[in-house]
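# Secondary and tertiary structure notes
Each chain is listed here by its residues.
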Amino acid sequence: MRHTPGYVLNDPDEVKRLVRENPWATIVSSTANGLVASHYPVLLEEDEDDIVLVSHVGRPDETLHELGEHEVLVIIQGPHGYVSPGWYSPGDFIPTWNHVTAHLYGIPDILSEEENFRILGQLVDHFEDVMPHPVRLDTDEEAARRIAKGTVGLRVRVTRFDARLKLSQNKAPEVADRIIDELQSGENYSSPDLAREMRRVHGHAPQ
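Residues numbered from 1 in each chain as written. Predicted model: local features only at pLDDT ≥ 70, side-chain atom pairs only at ≥ 80, totals over all residues. Heavy atoms only, no water.

### Observations concerning the environment of alanine 102
- Locating alanine 102 in the fold gives a position in strand 7 (residues 96-106).
- Sequence spacing of alanine 102 and arginine 164 is 62 residues, and the spatial spacing of their C-alpha atoms is 6.4 Å.
- Beyond its immediate stretch of four places on either side in the chain, alanine 102 contacts Val15, Leu18, Val74, Ile75, Ile76, Asp162 and Ala163. (Helix = DSSP H or I, 4+ residues; strand = E, 2+ residues; numbered from the N terminus. Contact = heavy atoms within 4.5 Å.)

In structure tokens:
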């Protein structure tokens, strides 16, 4: 990412929060055949002190990415959105794009078939738990195991990360408040999730 020291996020716990709240990831590999990118949901292994991700890919992505042979980049994109200079003070006319983003790096470990099935079950449960009638893989485990053979599980122990919170920290408090109000309930570029992230950074109580 662009070198912007004023927006660097160094706290691993905040990166973990970003992953929890935004589990749809982009996985990028630099392979012998060029760059490869795929998109999959990820989960944190919550019993780990480090940032450890588990996921899966559909075959043949494990071959296309050359998984396990080199470092991959996992991109987590949090809330983001356009910020109009019309929300600034007079004379400040350059727009921007606020965002919360993390680049996570590590070499994937390939999971066994049994562990992959267990992680797939955790992934389904994670998203189904909020449903009124959750659907589990054990609804038809035989069929689920047959389908799971078309996937390859992976674990990425993150060895380094580069994360940014670019949330108008360079603006005066009254300008930041105006941006938050517009993102919360404005007519043209509302983004309540981005407004919530800005409130965290600028010390406002959550809504």
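### Observations concerning the layout of surface pockets
- Counted as a void, the largest pocket has a volume near 210 Å³.
- Forming the walls of the largest pocket are Val19, Arg20, Pro23, Val42, Leu43, Leu44, Glu45, Glu46, Asp47, Val54, Gln122 and His126.
- Mapped onto the lining of the largest pocket, the elements with two or more residues apiece are helix 1 (12-21), strand 4 (43-44) and helix 3 (113-128).
- Partitioned by chemical class, the residues of the lining of the largest pocket number six nonpolar, two polar and four charged. (1 Å grid on protein atoms, 1.4 Å probe; cavity = no way out; pocket = protein on both sides within 12 Å on 5 of 7 lines; lining within 4 Å. Points joined across faces, edges and corners; volume = space filled by probe spheres on them. Nonpolar A, V, L, I, M, F, W, Y, C, P; charged D, E, K, R; others polar.)

### Considerations on the pairing of strand 10 (residues 160-166)
- With two bridges joining them, strand 1 (residues 8-9) and strand 10 adopt antiparallel strand pairing. Note on strand 10: the bridge partner recorded for leucine 9 is alanine 163. (Pairing = 2+ DSSP bridges.)

### A look at the sheet that holds strand 8 (residues 108-110)
- Across the sheet, which stays open at both edges, the four strands sit in the order 4-5-9-8 with antiparallel pairing between neighbours. The open sheet has two free edges, formed respectively by strand 4 and strand 8, since each of these has just one partner strand.
- Pairing of strand 5 (residues 52-58) with strand 9 (residues 151-157) involves seven bridges; the strand directions are antiparallel. When the bridges of strand 9 are listed, valine 52 appears paired with arginine 157.

### A word on the pairing of strand 7
- Judged by how many residues are buried, strand 7 sits mostly within the fold: nine of 11 residues are covered.
- The pairing of strand 6 (residues 72-83) with strand 7 spans 10 bridges and is classified as antiparallel. Residue pairing for strand 7: isoleucine 75 is matched across the bridge by histidine 103.
- Relative to strand 10, strand 7 is paired through seven bridges, and the arrangement is antiparallel. When the bridges of strand 10 are listed, histidine 99 appears paired with lysine 166. (Buried < 20%, exposed > 50% of the residue type's maximum accessible area, 1.4 Å probe, protein only.)

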